[in-house]
Amino acid sequence: MGGMMSGWGMMGFGILGWFLNLLVIGLVVYFAVKLALRNKD
């Protein structure tokens, strides 16, 4: 039972982590582009 629970937790966290990673990468790219454009002016 414990193994099954940990497997489910890992699966759920994997999907959640994937979304979080996508969000963080998106924010980083957004801010990097914003800063680059600001420095360009």
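Residues numbered from 1 in each chain as written. Predicted model: local features only at pLDDT ≥ 70, side-chain atom pairs only at ≥ 80, totals over all residues. Heavy atoms only, no water.

Asker: An account of the overall build of the chain is requested, with residue identities and associated values reported.
Answerer: Helices and strands together make up the secondary structure of the chain, namely one helix and zero strands. Burial status across the chain gives 2% buried among its 41 residues. (Helix = DSSP H or I, 4+ residues; strand = E, 2+ residues; numbered from the N terminus. Buried < 20%, exposed > 50% of the residue type's maximum accessible area, 1.4 Å probe, protein only.)

Asker: Tell me what's going on with the packing of aromatic side chains, and back it up with residues and numbers.
Answerer: Scanning all chains against the criterion turns up two aromatic pairs. Between Y30 and F31, the ring centres sit 5.5 Å apart and the planes meet at 70°, which makes this aromatic pair edge-to-face. Given a relative accessible area of 45%, F31 falls into the partly exposed group. (Phe/Tyr/Trp six-rings, centres within 6.5 Å; stacked < 30°, edge-to-face > 60°.)

Asker: Could you give me a rundown of a nonpolar patch on the surface, with the residues and numbers involved?
Answerer: Together, L16, L20, L23, L27, Y30 and F31 make up a nonpolar patch on the protein surface, roughly 630 Å² of accessible area in all. Within the secondary structure, Y30 is located in helix α1 (residues 2–40). (Patch = residues over 30% accessible without salt bridge, like charges linked within 9 Å, V, L, I, M, F, W, Y side chains within 5 Å. Areas by Shrake-Rupley, 256 points an atom, 1.4 Å probe, with all protein chains shown as cover. Salt bridge = Lys/Arg side-chain N within 4 Å of Asp/Glu carboxyl O.)

So, to be careful, I would describe these as geometric facts and stop short of saying anything about function.
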